[in-house]
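Residue-level listing of the chains:
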Amino acid sequence: MTTATFPERSRRVELALYFLRLGFLGFGGPVALVGQMERELVNDRKWLSREQMREAIAICQSLPGPLAIQVGIYVAWLRCGFWGAWLGGWCFILPNFIIVAALGALYVYLGDLQPVTAIFYGVSPAVIALILHSCYRLAKLGMEDWLQWAIAAVCLVITIALQAEVAILFIGAGIVGILYYGSIFKRTPATLPGVVLVPAATAPIAPVATASTLSKLFLFFLKAGALTFGSGLVIVPFLEQGLVQQYSWLDERQFLIAVAIGMISPGPVVITATFVGYLVAGFWGSLVSTIGIFLPSFLLVLIVAPLLARHRQNANVQGFVKGAYAAAIGTILGACILLGRIAIGDWLTVAIGIASLAVLFRWKVSNPLLIAATAVVGLIAFPALQPAWVMVK
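Note that this is a predicted model, so its numbers are computed, not measured.

A. Representation of a nonpolar patch on the surface in the model. Among the surface-exposed residues, F24, L25, L94 and I98 lie close enough to one another that they form a single nonpolar patch of about 380 Å² accessible area. Breaking the nonpolar patch down by element, the ones donating at least two residues are α1 (5–25) and α4 (67–110). The topology assignment puts L25 in helix α1.

Here it is in C-alpha cells:
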C-alpha cells in the first residue's frame, strides 16, 4: 500500500462524515444548504476556491434536479473524484431517506388515528400556501418575457383540463425555447433564467412490494428525477399525474400528506419520493423510489455537467432551459389548483390557507415552523368540525 493511499482514504472519510452531518441538519431549503456549503467548504475547510463553488452552483442551476444535492455531488467530485461523488452524494441523501422512510412507516400504522387526521386537516391548506409562495418566488426570479408567460399559461391550462403527461409539456416547452431564444433561426443572446434559491386521511392499507410495483416505481421516479427543471416542487405535478391519476396508488389527500412530509423534512422536496414509495410498497418501495429520483442527479453531474461547463453559454442550451423553466411555473400552478380542491373544503381550511400565505409573504418563516403551527390548529379545531369535513372528503 502506498503512502498516497492514506491521505486519499482520509479525504473520503472526511467527505462522508461532512455530508452525513449536512443531511441530518440540512433544514431551510436549497438556498440555505448551498449557502452553508459555501461558508463551510470555501471559507472554513478550504476544500475549494470561491470561483469553483460559484461554477458548481451555476452549472447545477442549469440542470434538472434538486439543486443542493447536485451541488453536493459536484463538490464531492472536485474533492475526491468519480467515486467520491457517489460517496458524498449518497451520504448526503442517506439521513433524509432514514427520516422520511421512518415517517412513512409511522403513517402507515398510525394514519387512521384521529390525531393524525386532525394534524393533516390543518397542514394540507398550509402546503398549498407553501407551494403558491414558492411558485411566486420562482416566477419573480426566472420569468422574463411574454413567451415564458405564454408557455406557463398553456401548461397551466393543460395540467388542469387534460391532466396531460408532464414530461411532454417540458420537452415541448424546451423545444419552443430553442426555436425562439436559440440560434437556429437567429443569433441573439439568451440569458439563463434565475433559478430558485428558496428553495380525515384515508387509513393506509399495509403496503405490499411486488416486482412489478417496484419496477414501475423505479421507472416513474427515474423519469421524474430527470425532468424536474426549476425547482424540486416541479415533482408535484409529476407525482399527482402519475401516482393519483395513472396508477391510483394514492388518493389526493394521501398525496398532499406526502408533499407536506417532503417540505418539512431535511433535504430537498423530492425526498417526497421516499414517503410515497413506502406508502405504495413498504421499505423496498421507499428504497427503489429514492434511488430512482436521485440517480439522474448523479448521472447529470458526472456526465452532463463537464460538457455543460464548456457549452453553458450556448444560446440553444439556454433557450431549452428557459422554455422548460416556464413550463415548471405552469405545471406547479396547475397541480396547486387541483390539490387545492382537496385541501380546502370549508371556512377554516380557507382561513388557514390565506393566513399561511400572508405569513409567508410578510415574514421569513421556515417550513417546519409553519407546518407545526397549522398542525396545532388542526388538532384543536378538527374534533368540532369533523362531521362537516368528512362530508367534504
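Structure shown, so let's carry the discussion forward.
B. Looking closely at the side chain of T374. Among the secondary structure elements, T374 is positioned in helix α14 (residues 367–392). At 3.0 Å, the side chain of T374 and the backbone oxygen of I371 are in polar contact. Filtering out sequence-adjacent residues up to four positions away, T374 remains in contact with G122, V123, A126, I352 and S356.

C. View of the packing of aromatic side chains. One pass over the structure, following the stated rule, counts 17 aromatic pairs. Judged by centre distance (5.4 Å) and plane angle (65°), the ring pair of Y74 and W77 falls under edge-to-face. Note that Y74 and W77 are positioned in helix α4 at a spacing of 3 residues, about one turn of the helix. The interplanar angle of 75° and the centroid separation of 5.2 Å between the aromatic rings of F283 and W284 together place this pair among those described as edge-to-face. F283 gets classed as partly exposed once you look at its relative accessible area, which sits at 41%. The class for W284 is exposed, based on a relative accessible area of 51%. Over the ring of Y181 we find K322; its NZ or CZ atom is 4.1 Å from the centre of that ring.

D. Representation of unusual backbone geometry in the model. Positioned with a positive phi, K46 is a non-glycine residue whose angle comes to about 60°. By secondary structure assignment, the location of K46 is in the loop between α2 (29–44) and α3 (50–61). Residue classification places K46 among the exposed positions, given a relative accessible area of 59%. Not every positive phi belongs to a glycine, and S248 is a case in point at roughly 60°.

E. Molecular detail of helix α6 (residues 146–161). Look at α6: 22 Å from first C-alpha to last across 16 residues, which is about the 22 Å you get at 1.5 Å a residue. Within α6 the residues assigned to the buried category are L147, Q148, I151, A152, C155 and T159. When α6 is viewed along its axis, its buried side chains cluster within an angular range of 140° and face the same direction. Opposite the buried face of α6, by more than 90 degrees, sit the exposed residues W146, V157 and A161. The N-cap of α6, judged by a side-chain oxygen 3.2 Å from the amide nitrogen of L147 a few residues on, is D145.

F. Molecular detail of the environment of E14. Take E14: it is sitting in helix α1. Here the alpha-carbon distance between E14 and G88, two residues 74 residues apart in the chain, equals 9.7 Å. The contacts of E14, once residues within four sequence positions are left out, are R45, W47 and R79.

G. Inspection of the environment of A258 at higher detail. With respect to the element layout, A258 can be found in helix α10 (residues 252–264). Each C-alpha atom of the pair A258 and V269 lies 10.0 Å from the other, and the pair is 11 residues apart in sequence. Those residues in contact with A258 that sit more than four places away from it in its chain are T272, F275 and V276.

H. Representation of the packing of helix α9 (residues 235–246) against α10 within the structure. Running from N to C, α9 and α10 cross one another at 145°; their axes reach a closest spacing of 11 Å. With respect to the hand of their crossing, α9 and α10 are arranged in right-handed fashion. Between α9 and α10, the contacting residues are V236, L239, E240 and V244 on the first element and E252, F255 and V259 on the second. Of the residues that constitute the contact of α9 with α10, the class distribution is 5 nonpolar, no polar and 2 charged.

Reading the values: rules and limits
Residues numbered from 1 in each chain as written. Predicted model: local features only at pLDDT ≥ 70, side-chain atom pairs only at ≥ 80, totals over all residues. Heavy atoms only, no water. Patch = residues over 30% accessible without salt bridge, like charges linked within 9 Å, V, L, I, M, F, W, Y side chains within 5 Å. Areas by Shrake-Rupley, 256 points an atom, 1.4 Å probe, with all protein chains shown as cover. Salt bridge = Lys/Arg side-chain N within 4 Å of Asp/Glu carboxyl O. Helix = DSSP H or I, 4+ residues; strand = E, 2+ residues; numbered from the N terminus. Polar contact = N/O pair within 3.5 Å; in protein donor to acceptor, adjacent residues only side chain to side chain. Contact = heavy atoms within 4.5 Å. Phe/Tyr/Trp six-rings, centres within 6.5 Å; stacked < 30°, edge-to-face > 60°. Buried < 20%, exposed > 50% of the residue type's maximum accessible area, 1.4 Å probe, protein only. Lys NZ or Arg CZ within 6 Å of the ring centre and 35° of its normal. Expected span 1.5 Å × (residues − 1). Arc of directions from axis to C-beta. Axes fitted to C-alpha atoms, helices over the stretch in contact; angles between N-to-C directions. Left-handed = near helix turned anticlockwise from the far one by under 90°. Nonpolar A, V, L, I, M, F, W, Y, C, P; charged D, E, K, R; others polar.

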